[in-house]
Amino acid sequence: MTTENNTYDVIVVGAGINGIGIARDAVLRGLSVLLIEQEDVCAGVSAWSGRLVHGGLRYLEHLDFGLVYESLTDRERLFHNAPHLVRPVSWMMPVYKHNRRPGWMVELGMILFDMLSFKKTAPWHRYLSRSRTLRRFPGISPDGLKGSVVFYDGQVELAERLCVELTIDARRNGANVLTHSKVDAPLMRNGRVAGVTYVDRLTEVRGEAFASIVINAAGPWIDRVFTDAKQPRLNGGTKGSHLIVDHFPGAPTDVVYYESRHDGRLVLVIPWMGRYMLGTTDIRWESEPDDARCDIGEAEYLLGEVNALVPDANLSMADVLYTYSGVRPLPYVPDKAESSVPRTHVLYDHAKHGLPGLVTVVGGKLTTFRQLAEDAVDLILRELGCSADEAVRRRPALKVLFATGYTRNAIIHQGRLDAEVELAKDAGLVDLTVFDARDEDLSVVDNLSGGRIEIGLGQGYRPAEFDQFGWNYKTRTRAFEESLEILEKSWTGETFDYTGKIYQVKGGLLRPPPVRPGRLPL
């Protein structure tokens, strides 16, 4: 969406999962949006995480039932809305005699965990005896083992894909996205923040953008966006590091979530992309987030804990393929231990410090980005004096998908090769294009991690309008089945007729790109 005089309803600074979520939610509610990022989409902590979409079992220790419920609710939504990216995986929590958390406490926590997600589709937890635990995980140390709890939580192996797809959806629905553009100062009008100045880091060209509200969603960089504004410190981030290793002797098939023998912290061994992710640490970080690195002490700590859990592993630094670290965007709470810092998000209004029109997102995590985005856009609408219904009525007519299924490795939608497809091309997602006899384009975006197809033939309507046009569930299902038949014919290279148009596929089967050694797959 191009706006007059580069003016928007809202500017969102930061294209991590939370900034992207806010931009998408805002544009879907009819607001004009600019999303601006100093690096690339998902270049920060959203990528350098444990890649888990989890219910927050650990938060029960701090009696944060609201956050656990919110996490479990949004986890379930992601299972339904993005099953090609987010999936339930089995977790095991061993119970040892030496644990600081006794077995009854673990069992009580799991009962609460299940009760707070009573509508979930994943199975409820179950307790395994010592012998059954050893059969399920033969490599586990039997010394002091009493049994284990097996439960289900979520994993997103490719967090970058989730962020890119959400960004593409925001672009398709009208948001403007600027990457490699660093925001450096607020623009003021009549005593309010009315926009930002930024510099294109590739061309060094400076620019200005105006908006009624500016949302600072820069994660651990929130205190570094407007350095001259003399605002209170908000970020008290902690560094979390992970190690990546190949399969090792005795390695588990479940995600194993267990208590450290050294200090009682909870450690994770995560099967990931045919390898294993070992994590994580939690160390207060005062320096530039870009400078966060896994140090030798962290690596030795994690390797020692895994070797204690799996005696045959014998992992050493020579087995580490690579490491990565991210800084969690936590609130600044200097008088609390790292593990006790609240994980809930806060929307901080800078009006009390002389910058009305600027709101900073403090905290937040991958799992709950949707709820954070909803809360942020609700605040934006209140600031604009606009109800949600009014925002929806302002939304322009959009092309949406008539039907969605999950049987093919592609996403298809109607429209010319416009902004969102260009973004997809930049991300390496476009693999083939479909043309009709009159040279109208259907763009096909490869879904690398498999399983989803979305088909839209003709001008679509918003889901809320389906009933008005007679598009009930059965109608949409029938439209999908017809569209799937068309797609299957197209895969053989045949031509086919649909609503008077002749289409023919050019291109081949969709395949994921090769993973570059030493780097996370993008």
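Note that this is a predicted model, so its numbers are computed, not measured.

A.B. asks: Mind showing me how you'd approach the pairing of strand β6 (residues 145–156) here?
C.D. replies: For β6, the tally of buried residues reaches ten of twelve residues, placing the bulk of the element in the interior. Here strand β4 (residues 86–96) runs beside β6; their pairing, made up of eleven bridges, is antiparallel. Residue pairing for β6: Val 89 is matched across the bridge by Asp 153. Two elements, strand β5 (residues 126–129) and β6, share four bridges in a ladder whose sense is antiparallel. Bridging across to β6, Leu 128 finds its partner in Ser 148.

A.B. asks: Help me out: how do you make sense of the pattern of salt bridges in this one?
C.D. replies: It is possible for side chains bearing opposite charge to pair when their charged atoms get close. Applying the stated criterion across every chain, the model contains 21 salt bridges. With its nearest N and O atoms 2.7 Å apart, the salt bridge here joins Arg 24 to Asp 169. Of the two residues, Arg 24 sits in helix α1 (residues 17–28) while Asp 169 sits in helix α5 (residues 159–172), which places them 145 residues apart along the sequence. Between Asp 282 and Arg 328 there is a salt bridge; the shortest N-O distance is 2.9 Å. You can see Asp 282 sitting in the loop between β14 (275–279) and β15 (283–284) and its partner Arg 328 sitting in strand β16 (residues 320–328), a full 46 residues away along the chain. You'll find Asp 282 and Arg 328 in the same group, each marked buried. Within the structure, one salt-bridge network assembled from shared partners comprises Asp 74, Arg 77, Arg 370 and Glu 374.

A.B. asks: Before we go on, may I ask you to explain the nonpolar core in this structure?
C.D. replies: For soluble globular proteins, the rule of thumb is that nonpolar side chains tend to be buried together. Counting 45 residues, the largest nonpolar core has Val 10, Val 12, Ile 22, Val 33, Val 86 and Ile 215 as its most contacted members. Put simply, the parts of the chain that give this core at least two residues each are β1 (7–13), α1, β2 (33–36), α2 (65–81), α5, β10 (206–216), β18 (358–362) and α8 (369–384). Here this core takes eight residues from α8, the largest share from any one element. Leaving out residues up to four positions away in the same chain, Ile 22 has contacts with Val 12, Ile 215, Ala 217, Val 361, Leu 372, Ala 373, Ala 376, Val 377 and Ile 380. With 28 residues, the next largest nonpolar core counts Leu 145, Ala 251, Tyr 258 and Val 320 among its residues.

A.B. asks: What am I meant to see in α2 here?
C.D. replies: At 3.6 residues per turn, the α-helix brings residues three or four places apart onto the same side. The first and last C-alpha atoms of α2 sit 24 Å apart over 17 residues, in line with the 24 Å expected at 1.5 Å per residue. Listing the buried residues of α2 in full gives Leu 67, Val 68, Glu 70, Ser 71, Leu 72, Asp 74, Arg 75, Glu 76, Leu 78 and Phe 79. In this fold, the buried residues of α2 make contact with β3 (52–53), β4, α3 (103–115), β6 and α8.

A.B. asks: Would you mind going over the packing of α1 against α8 with me for this structure?
C.D. replies: Pairs of packed helices are described in terms of their axes, by the angle between the two and the distance that separates them. Between α1 and α8, the least distance of the axes is 8 Å, while the angle of their chain directions is 50°. Compared by their axis directions, α1 and α8 come out oblique. Seen along the crossing, α1 lies across α8 with a hand that is right-handed. Contacts between α1 and α8 involve Ile 17, Asn 18, Gly 21, Ile 22, Asp 25 and Ala 26 on the former and, on the latter, Phe 369, Leu 372, Ala 373, Glu 374, Ala 376, Val 377 and Ile 380. Tallied by class, the residues present in the contact of α1 with α8 amount to nine nonpolar, two polar and two charged.

A.B. asks: Even after reading the chapter, I still don't get the environment of Gly 144, so can you show me in this structure?
C.D. replies: Tracing the backbone through its elements, the reader meets Gly 144 in the loop between α4 (130–136) and β6. In the structure, Gly 144 is positioned 49 residues away from Val 95 in sequence and 8.6 Å away in space, judged by C-alpha atoms. Apart from the residues lying within four places of it in its own chain, the contact partners of Gly 144 are Val 95, Tyr 96 and Lys 97.

A.B. asks: Where do I start with the environment of Asn 307 in this structure?
C.D. replies: Relative to the assigned elements, Asn 307 resides in helix α7 (residues 296–309). Residue classification places Asn 307 among the partly exposed residues on the basis of a relative accessible area of 22%. Linking Asn 307 and Ser 141, residues 166 residues apart in sequence, is a C-alpha distance of 9.1 Å. Sequence-distant contacts of Asn 307, that is, excluding residues within four places in its chain, are made with Ala 313, Asn 314 and Leu 315. Of the polar contacts made by the side chain of Asn 307, one reaches the backbone nitrogen of Asn 314; its length is 3.2 Å. Of note is the side chain of Asn 307, whose polar atom sits 2.8 Å from the backbone nitrogen of Leu 315.

A.B. asks: Is there a simple way to explain the packing of aromatic side chains in this structure?
C.D. replies: Working definition: an aromatic ring pair is given by the centre-to-centre distance plus the angle between the planes. A full pass over the atoms with the stated rule returns five aromatic pairs. With a centroid separation of 5.4 Å and an interplanar angle of 45°, the aromatic rings of Trp 48 and Tyr 324 are classed as tilted. Here Trp 48, found in the loop between β2 and β3, pairs with Tyr 324, found in strand β16; they are 276 residues apart in sequence, far enough to count as distant. Judged by centre distance (5.6 Å) and plane angle (40°), the rings of Trp 91 and Phe 151 are tilted. In this pair, Trp 91 is assigned in strand β4 and Phe 151 in strand β6, connecting sequence segments 60 residues apart. Its relative accessible area of 2% is what places Phe 151 among the buried residues. A network of ring pairs unites the aromatic residues Trp 91, Phe 113, Phe 151 and Tyr 257 as a single cluster. Looking at Arg 261, its charged tip hangs above the ring of Tyr 96, at a distance of 5.5 Å from the centre.

Conventions adopted
Residues numbered from 1 in each chain as written. Predicted model: local features only at pLDDT ≥ 70, side-chain atom pairs only at ≥ 80, totals over all residues. Heavy atoms only, no water. Buried < 20%, exposed > 50% of the residue type's maximum accessible area, 1.4 Å probe, protein only. Helix = DSSP H or I, 4+ residues; strand = E, 2+ residues; numbered from the N terminus. Pairing = 2+ DSSP bridges. Salt bridge = Lys/Arg side-chain N within 4 Å of Asp/Glu carboxyl O. Core = buried A, V, L, I, M, F, W, Y, C linked by side-chain atoms within 4.5 Å. Contact = heavy atoms within 4.5 Å. Expected span 1.5 Å × (residues − 1). Axes fitted to C-alpha atoms, helices over the stretch in contact; angles between N-to-C directions. Parallel < 35°, antiparallel > 145°, perpendicular 65-115°, else oblique. Left-handed = near helix turned anticlockwise from the far one by under 90°. Nonpolar A, V, L, I, M, F, W, Y, C, P; charged D, E, K, R; others polar. Polar contact = N/O pair within 3.5 Å; in protein donor to acceptor, adjacent residues only side chain to side chain. Phe/Tyr/Trp six-rings, centres within 6.5 Å; stacked < 30°, edge-to-face > 60°. Lys NZ or Arg CZ within 6 Å of the ring centre and 35° of its normal.

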